[in-house]
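Per-entry structural report
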Amino acid sequence: MRQRFVPDRSINAGRRYSGLMLSVHRKLDPREEHFEIPGPRQGLTLFLRRLASTRGDPRRAVLYVHGATFPSGLSVAHRFSGRSWRDALCAAGFDVWGFDFYGFGCSDRYPEMSEEPDQHPPLGIAAEAAEQLSAVVRFILAHLNLDRVSLISHSWGSMPAGRFASAHPTMLDRWILFAPIARRAPRRYEQPPSFPAWRLVSLEEQFARFTEDVPAHEPPVLAKAEFDAWGEGYLDSDPESRTRNPPSVKIPLGPFSEIIRAWHGVLPYDPAAVRCPIALIRGEWDGLIPDADARSLFDAFSRSPDKRDIKLGRGTHLMHLEAMRGALWRESIGFLLADDTESPQP
């Protein structure tokens, strides 16, 4: 039976949690810690994973915010040849946290996901996801006795992260938008389509995402054997995945619906309200954030004191799982440690 963290109501600001962590989920590293905390929706819990820094104080924390189709354990924490993005961040001195939004990975599923998809609107939109992110950040800050955390968001994850950054500027140190989604001008006489509550994603559909944007004359960015190992983990993220034909993972469709809405002129947060340093990091072959989108989004962060737009070669929207992932790791660490390495301006 799972053990869950329960809020200690005797403690006010900071919201510390009592109880011990569940042990039913497989650890991706012997040092990994797991937590379940109450989320904003009554009766549903959020799953967190932590890997502590391998260096001493001062303690700094970074939280990974996953994208629209797969959870934290298959992104920042997934290892290729024995090493992950999370490992690199830990070696640089960070406590690295990841969590799964409702409907993904080890977090609870929406009850609506057991019903027909057309009976409900898209689940997991940014407004609600930002409340989940807020609960996670408050737990991390209380658990580590810190004032601020840095964020790394992937793809759609930039939307709830943006809402959080706007609403809670004092809790945020620095923010990396990896392969973010940008607003595009609305199309005349065209409205975004409506979507159901959830959908199924097969391994074939996921593999296509690693190949569709790679130029025909270029070698693959991910070996098929590496994808096959990742794919088994993807099916493991949904206990019912292998009962379907073809095997597929059920995910909330709110994230995808908001990507489409952003391309019809509606971004669910205001970049101009963000006041922390930001870095856009993207691959040159990322079809979801082309140069024009990146320029527009970069300019929209008009109140950020430090802005960077970094484009890396031979990468797609899933560069963190591809051959050039090491370049992504290095750029992200360099930005997150910028306060420690840059000389103050006179």
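Residues numbered from 1 in each chain as written. Predicted model: local features only at pLDDT ≥ 70, side-chain atom pairs only at ≥ 80, totals over all residues. Heavy atoms only, no water.

Another point: the pattern of salt bridges. The full count for this structure, using the stated rule, is 25 salt bridges. Residue Glu-33 pairs with Arg-50 through a salt bridge whose shortest N-O separation is 2.8 Å. Taken together, the residues span a long stretch of sequence, with Glu-33 in strand S3 (residues 33-38) and Arg-50 in strand S4 (residues 45-51) at a distance of 17 residues. With a closest N to O distance of 2.9 Å, Glu-232 and Arg-242 form a salt bridge. Remark: Arg-242 occurs in the loop between helix H5 (224-236) and strand S10 (248-252) and Glu-232 occurs in helix H5; sequence separation between them is 10 residues. (Salt bridge = Lys/Arg side-chain N within 4 Å of Asp/Glu carboxyl O. Helix = DSSP H or I, 4+ residues; strand = E, 2+ residues; numbered from the N terminus.)

To continue, consider unusual backbone geometry. Here the residue pair Asn-245 and Pro-246 is connected by a cis peptide bond, since its omega of 0° sits within 30 degrees of zero. For Pro-246, the position within the fold is in the loop between H5 and S10. Despite not being glycine, Asn-145 has its phi angle at roughly 60°, a positive value. In this structure, Asn-145 sits in the loop between helix H2 (126-144) and strand S7 (149-154). We classify Asn-145 as exposed; its relative accessible area is 60%. (Buried < 20%, exposed > 50% of the residue type's maximum accessible area, 1.4 Å probe, protein only.)

Close contact between H2 and helix H3 (residues 158-167) brings their axes to 8 Å; oriented N to C, the two are set at 65°. As H2 runs across H3, the sense of the crossing is right-handed. Listed contacts from H3 to Ala-126, Ala-127, Ala-129, Ala-130, Leu-133, Ser-134 and Val-137 of H2 are Met-159, Pro-160, Ala-161, Arg-163 and Phe-164. A class-by-class count of the residues in the contact of H2 with H3 yields 10 nonpolar, 1 polar and 1 charged. (Axes fitted to C-alpha atoms, helices over the stretch in contact; angles between N-to-C directions. Left-handed = near helix turned anticlockwise from the far one by under 90°. Contact = heavy atoms within 4.5 Å. Nonpolar A, V, L, I, M, F, W, Y, C, P; charged D, E, K, R; others polar.)

Moving on: the sheet that holds strand S8 (residues 172-178). Pairing within the open sheet is mixed, and its 8 strands lie in the order S3-S4-S6-S5-S7-S8-S11-S12. Pairing within the sheet leaves two strands with one partner each, and these edge strands are S3 and strand S12 (307-312). Direction aside, the axes of adjacent strands within the sheet are offset by 20° on average. Taken strand by strand, helix H7 (residues 291-300) contacts S8, strand S11 (278-283) and S12, and its axis lies near 165° from that of S12. (Pairing = 2+ DSSP bridges.)

Quick look at the environment of Asp-95 now. On the secondary structure map, Asp-95 appears in strand S6 (residues 94-100). Among the residues examined, Asp-95 registers a relative accessible area of 0% and is labelled buried. Residues within four places of Asp-95 in sequence aside, it is in contact with Arg-50, Leu-51, Ala-52, Ser-53, Arg-59, Arg-60, Ala-61, Val-62 and Leu-144.

So, about the state of the cysteines. Enumeration according to the criterion identifies 0 disulfides in this entry. The cysteine Cys-90 is free of any disulfide, with Cys-106 supplying the nearest cysteine sulfur at 18 Å. (Disulfide = S-S within 2.5 Å.)

Before going further, it helps to spend a moment on H5. Counted at 1.5 Å a residue, the expected span for H5 with its 13 residues is 18 Å, and the 18 Å between its end C-alpha atoms agrees. Taken as a whole, H5 has its buried residues at Phe-227, Trp-230, Gly-231, Tyr-234 and Leu-235. For H5, the buried positions fall inside an angular range of 140° around the axis, keeping them on one side. More than 90 degrees from the buried face of H5, the exposed residues found are Ala-225 and Asp-236. Among the structural elements, strand S9 (198-202), helix H4 (203-209) and S10 are those in contact with the buried residues of H5. (Expected span 1.5 Å × (residues − 1). Arc of directions from axis to C-beta.)

Turning to its location among the elements, Ser-75 is positioned in the loop between strand S5 (60-65) and helix H1 (85-91). We classify Ser-75 as buried; its relative accessible area is 1%. One polar contact links the side chain of Ser-75 to the main-chain carbonyl oxygen of Ser-72, over a distance of 3.0 Å. What Ser-75 contacts, discounting residues up to four positions off in sequence, is Tyr-64, His-66, Phe-70, His-320 and Leu-321. (Polar contact = N/O pair within 3.5 Å; in protein donor to acceptor, adjacent residues only side chain to side chain.)

Another point: the packing of aromatic side chains. All chains considered together, the criterion is met by 17 aromatic pairs. Seen in terms of ring centroids, Phe-70 and Trp-230 are 5.1 Å apart; in terms of plane orientation they differ by 85°. Their pairing is edge-to-face. Of this pair, Phe-70 sits in the loop between S5 and H1 while Trp-230 sits in helix H5, and the two are 160 residues apart along the sequence. Assigned by exposure class, Phe-70 and Trp-230 land together as buried. Through pairs of rings, three or more aromatic residues link up here, namely Phe-70, Phe-207, Phe-210, Phe-227, Trp-230 and Tyr-234. Note that Arg-174 overlies the ring of Phe-335, its terminal NZ or CZ placed 4.3 Å from the centroid. Between Lys-307 and the ring centre of Phe-298, over which it is positioned, the NZ or CZ distance is 4.4 Å. (Phe/Tyr/Trp six-rings, centres within 6.5 Å; stacked < 30°, edge-to-face > 60°. Lys NZ or Arg CZ within 6 Å of the ring centre and 35° of its normal.)

Attention now moves to the pairing of S7. Across the 6 residues of S7, 6 count as buried, placing the element largely inside the fold. Two elements, S5 and S7, share 4 bridges in a ladder whose sense is parallel. Note on S7: the bridge partner recorded for Val-65 is Ser-153. Two strands pair when backbone bridges link them, and S7 and S8 are joined in this way by 5 bridges, in the parallel orientation. Across the sheet, residue His-154 finds its bridge partner in S8, namely Phe-178. Crossover connection from S7 via H3 to parallel S8: handedness right-handed. (Right-handed = clockwise from strand over helix to strand, strands pointing away.)

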